[in-house]
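Next come the chains, spelled out residue by residue.
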Amino acid sequence: MSKKITFDYWKHLYAKRTGNMLSSEIRDLLSLSARPDIISFAGGLPEVKALNYQKLEKYVKRALKIGGDISLQYGSSDGYYPLKTRLTEVMKLENIDVNEEDMIITTGGQQALDLLAKIFINPGDYLIVESPSYTGALNSFKSYEPQIISIPVDSKGIIVSDLKLKLNELANKDKQVKFIYLVPNFSNPSGYTLSFNRRKEILNLAKKYNTLIIEDNPYGMLRYEGRPVPTIKELDIKSSNQNVIYISTLSKIFAPGFRIGWIVAPHPILEKLTLGVQSADLCTSSFSQRIAYEYFSDPVWRENIIEFIKIYSARRDVMIKALEKYFPREATWSKPEGGFFIWLRLPEFLNTKEILADTIRNKVAYVPGTGFYADGRGLNEARLAFCTENTERIEKGIKILSEIIKDKIKLYRSFK
């Protein structure tokens, strides 16, 4: 995992913000975990093999035959309108009732985060995130030099009492919070789901303190047990003001290679976002959007969701059972009702970054916890993705990981 050291002769020309542009630990691990001999619990890679490639080929041919002039040309900066009609249908399955004019299509969910950071964050601005939080969001936000306030989570999501205290404290100092960033459903990385009561409380707090909520919901349709919880956006639509900006992506319910995400927001915000798109990439790929339109025009996509749920839920169950079977009693972990991830906590004297070197030598990869915290915490924590490997390799990998961790605990105690 060593990196080649190079001398940068242009260091004196870079903008100061580049010092806040941090490499994603997940992206750094992907090239390594792509090796077939590595059992990877690192990247949250969707099981695209479950898609019917022959049907995908049909969608591609239709995109070229019926609308080749559209598919291969520049498109509208706010997205391909027919695809928007399909995305509104997707959202209705989660009881979010919006119109095509209420959204903008982006080049993946990650661009959505960067665009929102670009239009809202000035250096020194305050924003609030879960702790731990999605590392891709943290990296996007940090590049615009804000002050990031981390609020801890428990099994029911972000702790509202702590959030309330912090909002009140900042208000008393006449400090405006630009937004609260949340992944309420099967959060990346913790796997926790924000409870219904907390969603209502947080929305009320956003209204009280005149701030926004960015609701990032890439995993909402991938529920394996329990009853669905209304999105914060659904609750917001029923209220008088619009305090929720909603983000989602096709990466988890279709395929990440198409790089399609979207944002639902009040129209004045959408206008600013469209300007951001025009300065970034002019428009999301017309070809990708046309194929996605064909895919979501075929009712079979709902059957594919059922197949995804079947695959991922089986893998989740195997990982949890393996953790229960092999891991030491000092370790704890989340038990998500959906999504891709399990959050692992080890004894405080262990460092998951240091342990990673040993696990990779033994052909197992995961993501250390520090990358999911804005303040460098999480040394004894890690994210385990159960979505990528088959059930046999999951059990094998967890067993290897457990043996290494048990050895580390034993070694530590031998010096006490």
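A few points on the structure. A quick note: this is a predicted structure, and the numbers were derived from the prediction, not measured.

A short note on the overall build of the protein chain
Link 1 in the chain: Within the protein chain one finds 14 helices and 14 strands.
Link 2 in the chain: The C-alpha atoms of the protein chain give a radius of gyration of 22 Å, which matches the 22 Å a tight globule of 416 residues would have.
Link 3 in the chain: Buried positions account for 56% of the 416 residues belonging to the protein chain.
Link 4 in the chain: If you take every contact in the protein chain between residues at least 6 apart in sequence, the share linking residues at least 24 apart comes to 75%.
Link 5 in the chain: In the structure as shown, the protein chain presents an accessible area of about 19,600 Å², 52% of it carried by carbon and sulfur atoms.
Link 6 in the chain: In the protein chain, the 59 positive side-chain charges and the 48 negative ones have mean positions that sit 3 Å from each other.

Side note on the nonpolar core
Link 1 in the chain: Phe 254, Phe 327 and Ile 398 are the most contacted members of the largest nonpolar core, which totals 71 residues.
Link 2 in the chain: Here the element with the most residues in this core is helix 12 (residues 300-326); it accounts for 11 residues.
Link 3 in the chain: Taken domain by domain, this core gets at least three of its residues from each of domain 1 (11-51 + 302-413) and domain 2 (73-296).
Link 4 in the chain: By size, the runner-up hydrophobic cluster in this structure holds 27 residues, among which are Leu 116, Phe 120, Leu 138 and Val 183.

Re the pairing of strand 3 (residues 126-131)
Link 1 in the chain: Taken across its six residues, strand 3 has six buried, putting it largely inside the fold.
Link 2 in the chain: With three bridges joining them, strand 3 and strand 6 (residues 177-182) adopt parallel strand pairing. Looking across to strand 6, one finds that Tyr 126 is bridged to Val 177.

Overview of a nonpolar patch on the surface
Link 1 in the chain: A grouping of Phe 7, Tyr 9, Trp 10, Leu 13 and Tyr 14 is seen on the molecular surface, where their side chains present a nonpolar patch of about 730 Å² in accessible area.
Link 2 in the chain: Here Tyr 14 lies in the segment before helix 1 (25-33).

Some remarks on helix 7 (residues 160-172)
Link 1 in the chain: Taking 1.5 Å as the rise per residue, helix 7 with 13 residues should run 18 Å; its terminal C-alpha atoms sit 18 Å apart, in good agreement.
Link 2 in the chain: Those residues of helix 7 lying buried are Val 160, Leu 163, Leu 167 and Leu 170. The buried residues of helix 7 occupy one face: seen down the axis, they fall within an arc of 95°. Exposed residues lying more than 90 degrees from the buried face of helix 7 are Leu 165 and Asn 172.
Link 3 in the chain: Among the structural elements, strand 3, strand 4 (147-154), strand 5 (157-158), strand 6 and helix 8 (196-208) are those in contact with the buried residues of helix 7.

Quick notes on the pattern of salt bridges
Link 1 in the chain: Counting across every chain of the model gives 25 salt bridges.
Link 2 in the chain: Residue Glu 294 pairs with Arg 290 through a salt bridge whose shortest N-O separation is 3.3 Å. With Glu 294 and Arg 290 both in helix 11 (residues 286-297) and four residues apart, the pair spans about one turn of that helix.
Link 3 in the chain: Of the residues examined, Glu 294 reaches a relative accessible area of 7% and is grouped as buried.
Link 4 in the chain: We classify Arg 290 as buried; its relative accessible area is 3%.
Link 5 in the chain: Counted as one network, the salt bridges with shared partners bring together Arg 35, Asp 37 and Lys 363.

Side note on the packing of aromatic side chains
Link 1 in the chain: Going through the model one piece at a time under the given rule, you end up with 19 aromatic pairs.
Link 2 in the chain: A ring pair is formed by Tyr 59 and Tyr 295, whose centres lie 5.8 Å apart and whose planes are at 85°; its orientation type is edge-to-face. Of this pair, Tyr 59 sits in helix 2 (residues 53-65) while Tyr 295 is found in helix 11, placing the two residues 236 residues apart along the sequence. One exposure class covers both Tyr 59 and Tyr 295, and it is buried.
Link 3 in the chain: Measuring from centroid to centroid gives 3.9 Å for Phe 254 and Tyr 295, while their planes differ by 15°, and the two rings are stacked. In this pair, Phe 254 is assigned in the loop between strand 8 (244-249) and strand 9 (261-264) and Tyr 295 in helix 11, connecting sequence segments 41 residues apart. Across the pair, Tyr 295 and Phe 254 agree in class, each one buried.

Digging into the sheet that holds strand 13 (residues 367-368)
Link 1 in the chain: Strand order in this open sheet of four strands is 10-11-14-13, and the pairing throughout is antiparallel. Strands at the two margins of the open sheet, each flanked by one partner only, are strand 10 (332-333) and strand 13.
Link 2 in the chain: Looking at chain direction, strand 13 and strand 14 (residues 381-385) are connected through two bridges and run antiparallel. The residue bridging Pro 368 from the neighbouring strand is Ala 382, located in strand 14.

Some words on the side chain of Lys 84
Link 1 in the chain: Along the chain, Lys 84 falls in helix 4 (residues 81-92).
Link 2 in the chain: You can call Lys 84 buried: its relative accessible area is 3%.
Link 3 in the chain: Residues in contact with Lys 84, not counting those within four places in the same chain, are Asp 78, Gly 79, Glu 100, Met 103 and Ile 105.

Quick look at helix 13 (residues 352-361)
Link 1 in the chain: Within helix 13, the full set of buried residues consists of Thr 352, Ile 355, Leu 356, Asp 358, Thr 359 and Ile 360.
Link 2 in the chain: Backbone nitrogen of Lys 353 and a side-chain oxygen of the N-cap are separated by 2.9 Å at the start of helix 13; the cap is Asn 351.
Link 3 in the chain: Looking at the residues trailing helix 13, positive phi occurs at Lys 363, about 70°.

Considering the sheet that holds strand 5
Link 1 in the chain: Read from one edge of the open sheet, eight strands run 2-9-8-7-6-3-4-5, paired in mixed fashion. Among the strands making up the open sheet, the edge pair consists of strand 2 (103-106) and strand 5.
Link 2 in the chain: As defined by bridge partners, strand 7 (residues 212-216) adjoins strand 8 across four bridges and the pair is classed as parallel. Along strand 8, the bridge assignment pairs Ile 213 with Val 244.
Link 3 in the chain: Packed on one face of the sheet, helix 8 meets strand 4, strand 5, strand 6, strand 7 and strand 8 and runs near 145° to strand 7.

Here is what the cut-offs are and how they apply
Residues numbered from 1 in each chain as written. Predicted model: local features only at pLDDT ≥ 70, side-chain atom pairs only at ≥ 80, totals over all residues. Heavy atoms only, no water. Helix = DSSP H or I, 4+ residues; strand = E, 2+ residues; numbered from the N terminus. Rg over C-alpha atoms; globule rule 2.2 N^0.38 Å. Buried < 20%, exposed > 50% of the residue type's maximum accessible area, 1.4 Å probe, protein only. Contact = heavy atoms within 4.5 Å. Areas by Shrake-Rupley, 256 points an atom, 1.4 Å probe, with all protein chains shown as cover. Lys, Arg positive; Asp, Glu negative; His and termini not counted. Charge placed at Lys NZ, Arg CZ, Asp CG, Glu CD. Core = buried A, V, L, I, M, F, W, Y, C linked by side-chain atoms within 4.5 Å. Domains from an automatic or database assignment. Pairing = 2+ DSSP bridges. Patch = residues over 30% accessible without salt bridge, like charges linked within 9 Å, V, L, I, M, F, W, Y side chains within 5 Å. Salt bridge = Lys/Arg side-chain N within 4 Å of Asp/Glu carboxyl O. Expected span 1.5 Å × (residues − 1). Arc of directions from axis to C-beta. Phe/Tyr/Trp six-rings, centres within 6.5 Å; stacked < 30°, edge-to-face > 60°. Polar contact = N/O pair within 3.5 Å; in protein donor to acceptor, adjacent residues only side chain to side chain. Axes fitted to C-alpha atoms, helices over the stretch in contact; angles between N-to-C directions.

So far we have only geometry, and geometry alone does not tell us how the molecule works.
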